[in-house]
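Summary of the model geometry
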Amino acid sequence: MKVAVVGAGPAGVRAVEALLAHDIRPVWIDEAMDGGGRIYQRPPAGLRRDAKTLYGFEAPRATALHAALDAAKPRADWRPETLVWNIRPGQRQLSTLSAGRQGVVEYDAAILCTGAMDRVVPVKGWTLPGVTTMGGAQIALKSQGCGIGQRVAFLGSGPLLWLVAYQYAKAGAEVVAVLDTTRFATKLAAAPGMLRGPATFAKGLYYIGWLRAHGIRIAEGVTPLAIEGAGSVSGLSWRDAKGGVHRVECDAVGLGWGLKPEAQLADLAGIPFVFDAAQHNWVPRRDAAGRTPVTGIYLAGDGSGIGGAEVAEVAGARAALALLQDAGRRVETAALDRKLASLGRFRVALEKAFPFPSHLAAGLPDDALFCRCEGLTVGELRATTTGPAIPAPELNRAKAISRAGMGRCQGRVCGAAAAEILAAQLGCSVAEVGRLRGQAPVKPIPLTATP
Amino acid sequence: MKLVRLRDTDRATLHLTLEGSGLAALEGDTVLTALLAGGAGHLRDSEFGDGHRAGFCLMGACQDCWVVVEGLGRVRACATLAKDGMKVRRG
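The model shown is predicted, which means the values in this text are computed figures rather than measured ones.

1. Focus on the overall build of chain A
If you tally the helices and strands in chain A, you get 14 helices and 23 strands. In terms of overall dimensions, chain A has a C-alpha envelope of 65 × 55 × 45 Å along the principal axes. Here chain A, with 451 residues, has 53% of them falling under the buried criterion. For chain A, contacts bridging at least 24 residues in sequence account for 67% of all contacts bridging at least 6.

2. Description of the sheet that holds strand β4 (residues 82-88) of chain A
Residues and elements named next belong to chain A. Pairing within the open sheet is antiparallel, and its three strands lie in the order β4-β5-β6. If you trace the sheet from one side to the other, it starts and ends with β4 and β6 (101-106), each paired once. Put simply, the sheet's adjacent strands are angled 25° from each other on average, direction ignored. Bridging between β4 and strand β5 (residues 93-98) involves six bridges; their strand directions are antiparallel. By the bridge assignment for β5, N86 is matched with S95.

3. A few points about the pairing of strand β12 (residues 174-180) of chain A
Residues and elements named next belong to chain A. With respect to burial, β12 is a largely interior element, six of its seven residues being buried. Note that strand β11 (residues 151-157) and β12 share six bridges and pair parallel. The residue bridging V152 from the neighbouring strand is V175, located in β12. Once the chain exits β11 it traverses helix α5 (residues 159-171) before rejoining the sheet at β12, and the crossover so formed is right-handed. As paired elements, β12 and strand β13 (residues 218-220) share three bridges and run parallel to each other. The residue bridging D180 from the neighbouring strand is E220, located in β13.

4. What about the interface of chain A and chain B?
Between chain A and chain B, the contact holds 46 residues from the first and 38 residues from the second. Those elements that place two or more of their residues in the side of chain A that touches chain B are β8 (116-118), β9 (131-133), α4 (134-144) and β10 (146-147) of chain A. Here the side of chain A that touches chain B takes six residues from α4 of chain A, the largest share from any one element. Examined bridge by bridge, β10 of chain A and strand β1 (residues 4-5) of chain B share two bridges and lie antiparallel to one another. Bridge pairing in β1 of chain B places G147 of chain A opposite V4 of chain B.

Definitions and limits used
- Residues numbered from 1 in each chain as written.
- Chains lettered and ligands numbered in written order.
- Predicted model: local features only at pLDDT ≥ 70, side-chain atom pairs only at ≥ 80, totals over all residues.
- Helix = DSSP H or I, 4+ residues; strand = E, 2+ residues; numbered from the N terminus.
- Buried ≥ 20, exposed ≤ 12 C-beta atoms within 10 Å, placed from the backbone.
- Contact = placed C-beta atoms within 7 Å.
- Pairing = 2+ DSSP bridges.
- Axes fitted to C-alpha atoms, helices over the stretch in contact; angles between N-to-C directions.
- Right-handed = clockwise from strand over helix to strand, strands pointing away.

Here it is in structure tokens:
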């Protein structure tokens, strides 16, 4: 049986480990130079910080995952630095690109563990050099030992906001402000549910407490106004919950509102998507074990809906067992199923604590750029709903008119905000404006790539 | 944009060029780190005239850090390791 696993983050590692334990040797593909995913990304050779410094509280988990990764690599058909840019479910083929050369991987069954990226809301000035995603700011520090600037502000919401601010301050960067767009009351209301994940909840409180104790400026319930600067970032302004306007001088800003699935391959595989109200995002349809309506395709990890690294590890192993079950093997799944169910309840509380700020995207001024790739303004997107072309009733029509989501990132960065802006303009729900359909190649590939 | 080296600074030095001018980096740097820690300020200009860009996601997804490396063609600076002698142009 030919099995392919795409992705070597927490889900991919545990999926491959489970397959190997049942004598299946998968083709195992990751776009990065090494496995570990983004959360447990290892720095390139030459950087030498230990796991405790790199991963903090997560060091034992990271170390265990790296051990499993390193043990699995030589036993699987391991292919790093390889992009899967298309999937043909009919032919059961993956199209790949590695070192400028195209390839084809045939499979009978495939587990897609494609991970996630930051979910961002545009802010006026967000294309200036010095602005990165929250995840990007973390990668700079973790994988490269660098801060994104000398005086850094963090803006957004969600657990990563506090974690990254803490990591920066600990590493010696000057954190000039941590600005949470969620009101304190919203988080407080979700606190009872968060106690379902006491360890995670406690870690969050620890970071916030540490930042406060070190006198770092914190504001909650803020509305971002603009990232300012000529040629690069020089300041950030916002309005507080009572209407007062504030500004800090900084040379870098990290932005992020949680994560969104990198589900492009699931889309090209033909899996239907459903709007998940709790995550406020479209996710590919799958059952709790990772089975999808497309025969032979299984999903696990954040690429199939955001659940976090701990869930991803369990889900990766479970998807591998689902694949084995469907191939007629007898496997024991009850323990994993119980664990997934219990972890899932904490996630619901987390989403309630940090809801996606629809109002911020919908309230952007007309002259703010929302699409980095095509240089489109919010006003240009809003104009697609009124003509002169046939007015856009949904996102893909708006894309055809305006090129929103047609650029080099394929809507990864602007898609979530574009949906909010359009929904507000049309006066409908964000689910009703639909989602940008995926297209191959899922990332740009050179025309010169040889077969 | 200036990346600030905070940790792991004890590494071998690499020498690259950007638009023909010399630039020192450290072993293990990505091209993005090498350039932005080395004082390049930005990586490319928006095709639509809205100014400089210097990457955004740093994880290979947003495609906003394209540069041209001699012999490799157009690459994502964040997903390409810097090598001694690399000749880089802005994207």
